[in-house]
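# Residue-level structure breakdown
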Amino acid sequence: MDSFLAFQSTRKFRATRNKKEVHGNRHYEQSNQSGCDLQVRLHSVKHLIPHGLSSAAPKITNNNIIPLQGPANNHVESTNKSDVPTKTFEEVTFPMTYGNVAAKIWGPSNGKPVFALHGWLDNAGTFDNLIPMLPDNLRVVAVDIPGHGLSDHFPRDIMYHFMDCLLAIERISQQLKWDTFSFIGHSLGGCMAMLYAGVFPEKVVKLVNVDIVRVTTTRAETMNLRLRKTVGKLLKYENAIMQGPEKPITYETAIEKSINGSFGSLNRKACEVMLKRGLKKVNGGYVFSRDRRLHAAPLSFCPKQDQVILAEKVTADVLIIKFIEGPYFESIEDQIEHIEALKKNSKSVRYVEIEGKHHTHLTHPERIASLISEFFKS
């Protein structure tokens, strides 16, 4: 999928925890300390998110939002209790036409409504360490995107497409009776949030994109090869699913696969957090119960000009946080073009670079928690 191929480039960044911002028309660099230049080489990769962090969901029993089986409230405590406060959350499911979408709801019922959308092959657990560090007056619904986490898979003859998020978010927001809301999106989740904010600008108050600017644009000159490859992969995964479940693996193997699949972006503790929703216990061990078809790129088109036009329609305040050791999915020039388009109707557009890898929001949430908190307080 073009959206998950890193742009090959070499960039120089100054000093540890150097922050570079674009705020309105002002460009400035703020450095916490001096130091030598750091050169980061970004390679083209096939999978930037660990393989298989998802799980099958319980069946819905009625036409209402229902809690998952088990305790209604849960506690999340950081492995470093001095860093992350304890907060409670509720597990719920939202009925869809084909099954259900699972989610974790944090914060008071009268809090400011926020959707948290995870990245490709991750799940709602990716925000477990970050959300407890955010303001207490936020009502955060961290969703397991269809086919991920505890959400049901699409029927076998229905393919996945990131545009499906528009329909899923509309269904969920209507069930929650939310007229307006904000987004925190990581990677693919940020892509979907950016698209939604352009299609339904009147509904989005604030938009936080973590380590992503937008969906990487598809290129006309390579579309035939991309779609040809996708068709072949989808047929391969369909056949594998029809032949039966995946071969069970051990928990340690699941940890190893997750770390390797993230190219070192995840550590063991981070994997343990997401594997709570990402593994299913079976006879003989565990399986990643995400839909295997998610490993194939969607049969889709997403031209650059379409996204630029949508960006011009965004009215929400925008905060884009880029981890400097994370993947760059397209050229810096293309990113700047999109950011400039956002400024047409958005009153506040900020782009901030922070030290860290692709999953720093999970492994080191303290690096961005205050930035996001201030953004929501403003």
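This text gives an overview of the structure that appears in the document. (Residues numbered from 1 in each chain as written. Predicted model: local features only at pLDDT ≥ 70, side-chain atom pairs only at ≥ 80, totals over all residues. Heavy atoms only, no water.)

## A closer look at the pattern of salt bridges
Summed over the entire model, instances satisfying the criterion amount to 17 salt bridges. D317 serves as the salt-bridge partner of K206, at 3.1 Å between the closest nitrogen and oxygen. Within this pair, whereas K206 is found in strand β12 (residues 204-210), its partner D317 is found in strand β15 (residues 317-323), the two being separated by 111 residues in sequence. Between K304 and D334 there is a salt bridge; the shortest N-O distance is 3.4 Å. (Salt bridge = Lys/Arg side-chain N within 4 Å of Asp/Glu carboxyl O. Helix = DSSP H or I, 4+ residues; strand = E, 2+ residues; numbered from the N terminus.)

## What to know about a nonpolar patch on the surface
Where nonpolar side chains cluster on the molecular surface, the patch consists of V231, L235 and L299 and spans about 240 Å² of accessible area. Within the fold, L235 resides in helix α3 (residues 223-243). For L235, a relative accessible area of 47% translates into the label partly exposed. (Patch = residues over 30% accessible without salt bridge, like charges linked within 9 Å, V, L, I, M, F, W, Y side chains within 5 Å. Areas by Shrake-Rupley, 256 points an atom, 1.4 Å probe, with all protein chains shown as cover. Buried < 20%, exposed > 50% of the residue type's maximum accessible area, 1.4 Å probe, protein only.)

## Comments concerning the packing of helix α4 (residues 251-261) against helix α5 (residues 268-278)
A pair of packed helices is captured by two measures, namely the crossing angle of their axes and the spacing between those axes. Close contact between α4 and α5 brings their axes to 10 Å; oriented N to C, the two are set at 110°. In terms of orientation, α4 and α5 fall into the roughly perpendicular class. In this structure, α4 meets α5 at a crossing whose hand is right-handed. Contacts between α4 and α5 involve Y251, E252, A254, I255, S258 and I259 on the former and, on the latter, R268, C271, E272 and L275. Taken together, the residues of the contact of α4 with α5 break down into six nonpolar, one polar and three charged. (Axes fitted to C-alpha atoms, helices over the stretch in contact; angles between N-to-C directions. Parallel < 35°, antiparallel > 145°, perpendicular 65-115°, else oblique. Left-handed = near helix turned anticlockwise from the far one by under 90°. Contact = heavy atoms within 4.5 Å. Nonpolar A, V, L, I, M, F, W, Y, C, P; charged D, E, K, R; others polar.)

Distances and angles like these do not, on their own, reveal function.
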